Amino acid sequence: MIALLQRVSEASVRVDGEVIGKIDTGLLVLLCAEKGDTEAVADKMLAKILKLRIFSDDAGKMNKSVQDMGGGLLVVSQ
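On to the overall build of the chain. Of the regular secondary structure elements, the chain holds 2 helices and 7 strands. By its C-alpha atoms, the chain is 40 × 35 × 15 Å across when sized along the principal axes. Within the span of the chain, comprising 78 residues, buried residues form 23% of the whole. Pairs at least 24 residues apart make up 53% of the contacts formed inside the chain by residues separated by at least 6 positions.

Turning next to the sheet that holds strand E7 (residues 72-77). Strand order across the open sheet formed by 3 strands is E1-E4-E7, with mixed pairing between neighbours. Taken across any chain shown, the strands that pair with only one partner, and hence form the sheet edges, are strand E1 (2-8) and E7. The average undirected angle you get between the axes of adjacent strands in this sheet is 20 degrees. Most of the contacts of helix H1 (residues 39-51) go to E1, to which it runs at about 25 degrees, and overall it touches E1, strand E4 (26-32) and E7.

Moving on, we get to the side chain of Asp-57. With respect to the helices and strands, the residue Asp-57 is situated in the loop between strand E5 (55-56) and strand E6 (62-64). Put simply, Asp-57 is tucked away with no salt bridge, and the nearest opposite charge, on Lys-61, sits 6.9 Å away. Within polar-contact distance, the side chain of Asp-57 engages the backbone nitrogen of Ala-59 at 2.9 Å. Apart from the residues lying within four places of it in its own chain, the contact partners of Asp-57 are Asn-63 and Lys-64.

Time to look at H1. Compared with an ideal rise of 1.5 Å per residue, which puts 13 residues at 18 Å, H1 spans 19 Å between its outermost C-alpha atoms and is within 8% of the ideal. Of all the positions in H1, only Met-45, Ile-49 and Leu-50 are classed as buried. Taken down its axis, H1 places every buried residue within 130 degrees of arc, on the same side. Relative to its buried face, H1 has exposed residues pointing more than 90 degrees away, namely Ala-40, Lys-44, Lys-48 and Lys-51.

Cut-offs applied
- Residues numbered from 1 in each chain as written.
- Predicted model: local features only at pLDDT ≥ 70, side-chain atom pairs only at ≥ 80, totals over all residues.
- Heavy atoms only, no water.
- Helix = DSSP H or I, 4+ residues; strand = E, 2+ residues; numbered from the N terminus.
- Buried < 20%, exposed > 50% of the residue type's maximum accessible area, 1.4 Å probe, protein only.
- Contact = heavy atoms within 4.5 Å.
- Pairing = 2+ DSSP bridges.
- Axes fitted to C-alpha atoms, helices over the stretch in contact; angles between N-to-C directions.
- Lys, Arg positive; Asp, Glu negative; His and termini not counted.
- Salt bridge = Lys/Arg side-chain N within 4 Å of Asp/Glu carboxyl O.
- Polar contact = N/O pair within 3.5 Å; in protein donor to acceptor, adjacent residues only side chain to side chain.
- Expected span 1.5 Å × (residues − 1).
- Arc of directions from axis to C-beta.

Read these as spatial facts, not as claims about activity.
As structure tokens, then:
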């Protein structure tokens, strides 16, 4: 399983002009599930993503996770 992450202030996915997914501040996750990936692999990937400290704290240091920020996840399969 491979994931590409991007911090966003907002993101959405449109299909035929219709919004099918939308978040405000959070992470856009482009996810590629490969043959042989299991639910356990997906759970481990999600746990890692949720714990990444890639958002700035009050001091401007990248020290907060998406959970700490109360942000969203927009997962797009590739």
